[in-house]
Amino acid sequence: MLRPDLWDTGPVNTDDQPEPAGPGSPSAPEVAAGPEVAAGPAGPEVSVGPEVAAATAASPAARPRKIGLVAALAGCIVGADLITKIIAVANLTPGTSVRVLGGVVYLSILRNAGAAFSTGTGFTWILALIAIGVVVMIIRMARKLRSTIWAVCLGLVLGGAIGNLIDRIFRSPGVLRGHVVDFISLFGPDARYFAVFNVADSAITIGGITLVVTAMLGIDFDGGRTRRAPKAKPAAEAEATDRESDPGRG
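Below is a summary of the structure that appears in this document.

Rules used in this analysis
Going along each chain's sequence as written, the residues are numbered from 1 onward. The predicted nature of this model means local features are confined to residues of pLDDT at least 70 and side-chain atom pairs, given and counted, to a pLDDT of 80 or more, with totals for whole chains, interfaces and linings taken over all residues. The side-chain numbers reported here are obtained from all heavy atoms of the structure, hydrogens and water having been left aside. Strands qualify as paired when DSSP identifies two bridges or more between them. Each helix is a run of H or I in the DSSP string that is no shorter than four residues. Each strand is a run of E no shorter than two, and both are numbered from the N terminus. Residue count minus one, scaled by 1.5 Å, sets the expected span of a helix. Polar contacts, as used here, are pairs of N or O atoms within 3.5 Å; protein pairs need one atom able to donate a hydrogen and one able to accept it. Residues neighboring in sequence count only if both atoms are side-chain atoms. Aromatic rings from Phe, Tyr and Trp, with only the six-membered ring used for Trp, were paired whenever their centres fell within 6.5 Å, and each pair was classed as stacked if the ring planes differed by under 30 degrees, edge-to-face if by over 60, and tilted otherwise. Only protein chains enter the calculation, and the probe is 1.4 Å; a residue is then buried if its accessible area is under 20% of its type maximum, exposed if over 50%, and partly exposed in between. Just to be clear on terms, a salt bridge is a Lys or Arg side-chain nitrogen sitting within 4 Å of an Asp or Glu carboxyl oxygen. Note: the arc covers the axis-to-C-beta directions of the helix. Any two residues whose heavy atoms approach within 4.5 Å at even a single point are treated as in contact. Fitted lines through C-alpha atoms serve as axes, helices being fitted only where they are in contact, and the angles separating the N-to-C directions of these axes extend from 0 to 180 degrees. Polar here means any residue other than Ala, Val, Leu, Ile, Met, Phe, Trp, Tyr, Cys and Pro, which are nonpolar, and Asp, Glu, Lys and Arg, which are charged; Gly is therefore polar. Patch membership is restricted to residues that have no salt bridge and whose relative accessible area is over 30%. Joining uses 9 Å for like charges and 5 Å for the nonpolar side chains Val, Leu, Ile, Met, Phe, Trp and Tyr. A 1.4 Å probe and the Shrake-Rupley method give the accessible areas. Residues count as covered only by the protein chains that appear here. A clockwise turn of the near helix away from the far one marks a right-handed crossing, whereas an anticlockwise turn of less than a right angle marks a left-handed crossing.

As paired strands, strand S1 (residues 98-100) and strand S2 (residues 105-112) are joined by three bridges and run antiparallel to one another. Each residue of the ladder has a partner; that of arginine 99, found in S2, is tyrosine 106. Joining the antiparallel neighbours S1 and S2 is a turn of four residues, in which leucine 101 adopts a positive phi near 55°. In this structure, S2 lies alongside strand S3 (residues 180-186), joined through six bridges in antiparallel fashion. Looking across to S3, one finds that leucine 110 is bridged to aspartate 182.

Here we come to helix H5 (residues 148-170). Residues spaced three or four apart along an α-helix face the same direction, because each turn holds 3.6 residues. Along its 23 residues, H5 runs 33 Å from first to last C-alpha, staying within 8% of the 33 Å computed at 1.5 Å per residue. At the N-terminal end of H5, a side-chain oxygen is found 3.4 Å from the backbone nitrogen of tryptophan 150, two or three residues along, and the residue is serine 147.

Applying the stated criterion across every chain, the model contains one aromatic pair. Ring plane angle 90° and centroid distance 6.2 Å describe the contact between phenylalanine 194 and phenylalanine 197, whose orientation is recorded as edge-to-face. What makes phenylalanine 197 buried here is its relative accessible area of 10%.

Time to look at the pattern of salt bridges. Opposite charge on two side chains makes pairing possible when the charged atoms of those side chains draw close. For the structure shown, the criterion picks out three salt bridges. Close ionic contact of aspartate 167 with lysine 85 constitutes a salt bridge, the shortest N to O distance being 2.8 Å. One end of the pair, aspartate 167, is in helix H5; the other, lysine 85, is in helix H3 (residues 67-91), and 82 residues separate them in sequence. Classification of aspartate 167 by relative accessible area gives buried; the value is 2%. The shortest N-O distance in the salt bridge between arginine 171 and aspartate 167 comes to 2.9 Å. As far as burial versus exposure is concerned, arginine 171 and aspartate 167 are alike and both buried. Salt bridges linked by common partners bring Asp81, Lys85, Asp167 and Arg171 together as one network.

Let's shift gears to helix H4 (residues 124-142). For H4, spanning 19 residues, the distance from its first C-alpha to its last is 27 Å, which sits close to the expected 27 Å at 1.5 Å a residue. When we look at burial in H4, the residues that qualify are Thr124, Ala128, Ala131, Val135, Ile138 and Ala142. Buried positions in H4, seen along its axis, are confined to an arc of 90° and lie on one side of it. Along its buried surface, H4 packs onto H3 and H5.

The next point concerns the packing of H3 against helix H6 (residues 199-216). The geometry of H3 relative to H6 is characterised by a closest axis approach of 8 Å and an angle of 150° between their N-to-C directions. For the pair formed by H3 and H6, the contact residues are Ile77, Ala80, Asp81 and Thr84 on the first element and Val199, Ala200 and Ala203 on the second. Along the lines of polarity and charge, the residues of the contact of H3 with H6 split into five nonpolar, one polar and one charged.

Glancing now at the sheet that holds S2. In space, the three strands of this open sheet follow the order S1-S2-S3, with antiparallel pairing throughout. What marks the edges here is a single partner per strand, and that holds for S1 and S3. Each neighbouring strand pair of the sheet contributes to a mean axis angle of 35°, computed without reference to strand direction. Strand contacts of H3: S2 and S3, with the helix running at about 85° to S3, the strand carrying the most contacts.

Next up on the list: a nonpolar patch on the surface. The grouping of Trp125, Ile126, Leu129, Ile130, Ile132 and Val136 at the surface amounts to a nonpolar patch, some 520 Å² of accessible area in total. Take valine 136: it is sitting in helix H4. Valine 136 sits in the partly exposed class, given a relative accessible area of 44%.

The subject of this paragraph is the packing of H3 against H5. Relative orientation of the contacting elements H3 and H5 amounts to 35°, with a least axis distance of 7 Å. Here H3 runs over H5; the crossing is right-handed.

Structurally, the position occupied by leucine 165 is in helix H5. Taking C-alpha positions, leucine 165 is 8.8 Å from glycine 178, a pair spaced 13 residues apart along the chain. Excluding residues within four positions of it along the chain, leucine 165 makes contact with Ala128, Ala131 and Ile132.

So this is what it looks like as structure tokens:
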């Protein structure tokens, strides 16, 4: 027989029943956010492989600009050229030579109205304008320069051009007509075997020769190398190569 308290259908007292915990309820249990939720919309960081990093570092755009190297080297050349010319003018007498290094070098001061190594005499003002154009062109190129060897070449040429341009502007007989001071004579005095030159002429020559070699080696202005397309083989040579690689073909 069933007990009466088991089949009583009266109203149920809900005072002792726990209320459902809502989001703002103090008794609601805290839910720890997983790593995916904590990461947010940005998601986990993606690591770049060594191949991608190396390719990015080797790209021309990633290389630093070399305008500072060009300016520093040109400044050294201009300073050395100016100091040696001042010493030569103060201590050397025209018509007399000082023997140095056992006769390999003679110090013989001359006034050069022409270009490097006493060429182009009679076109002093034209040479001065050409030198100004060269200086402006190199300065504009140096802003985009990323190759070290190109920076060295252009720095030498720029320093030499400025060194001789200073003489063209500030020495007698006048602006853009000034004569360049030359004082280095090789193997004999007074340009007996080789034209008399100065530090600026040496820098221009070395920089120009190195520049030609650099271009022949295929080194680009941005530091990369020029890729040449492979030459196409003649049809007969290509067919012979295919036969050698495939003996069954005949």
